[in-house]
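These are the residues of each chain, in order.
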Amino acid sequence: MSMKEAYEKKLQAQLDECAAEIDKLKAKAAKAEADAQIEYYKQIEELKSKQATVNGKLSELKDASEDAWEDLKAGAESAWDSLSGALKSAASRFK
């Protein structure tokens, strides 16, 4: 397995975990009171937007050649860091 393939698998696994966490947050939001639900769903939409960005970066990585993927890696990591940080922040507010 090449470094590119390994990185793609790692990023996909992180995205899968993120999707599961977002689903948990949706369940908590559904149980919240009406006022809190609005804020929760706003945060969930922001997370989904960041998740879509990371998915886009992953697609770019998959389409890139073995030589070019390293150039795209920094953008993917930056997008992942943004999503990961937002997810942790939202999870702490949902408690």
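To keep things clear, this report deals only with the structure shown in the data block. Quick caveat, the model's predicted, so the values are computed rather than measured.

For the rest of this paragraph, the subject is the nonpolar core. The biggest cluster of nonpolar side chains holds 23 residues, and the ones touching the most others in it are Leu11, Leu25, Leu47, Val54, Leu83 and Phe94. The element contributing the most residues to this core is helix H3 (residues 69–94), with nine residues. With residues up to four places along the chain from it excluded, the contact list for valine 54 reads Leu11, Leu15, Ala79, Trp80 and Leu83.

The next thing to look at is the packing of aromatic side chains. Within the structure shown, the criterion is met by two aromatic pairs. Taking the centre distance of 5.7 Å and the plane angle of 35° together, the rings of tyrosine 7 and tryptophan 69 count as tilted. On the criterion of sequence distance, the pair formed by tyrosine 7 in helix H1 (residues 3–31) and tryptophan 69 in helix H3 is long-range, its members being 62 residues apart. Just as tyrosine 7 is buried, tryptophan 69 falls in that class too.

What counts as what
- Residues numbered from 1 in each chain as written.
- Predicted model: local features only at pLDDT ≥ 70, side-chain atom pairs only at ≥ 80, totals over all residues.
- Heavy atoms only, no water.
- Core = buried A, V, L, I, M, F, W, Y, C linked by side-chain atoms within 4.5 Å.
- Buried < 20%, exposed > 50% of the residue type's maximum accessible area, 1.4 Å probe, protein only.
- Helix = DSSP H or I, 4+ residues; strand = E, 2+ residues; numbered from the N terminus.
- Contact = heavy atoms within 4.5 Å.
- Phe/Tyr/Trp six-rings, centres within 6.5 Å; stacked < 30°, edge-to-face > 60°.

It is worth stressing that arrangement in space is one thing and function is another; only the former is reported here.
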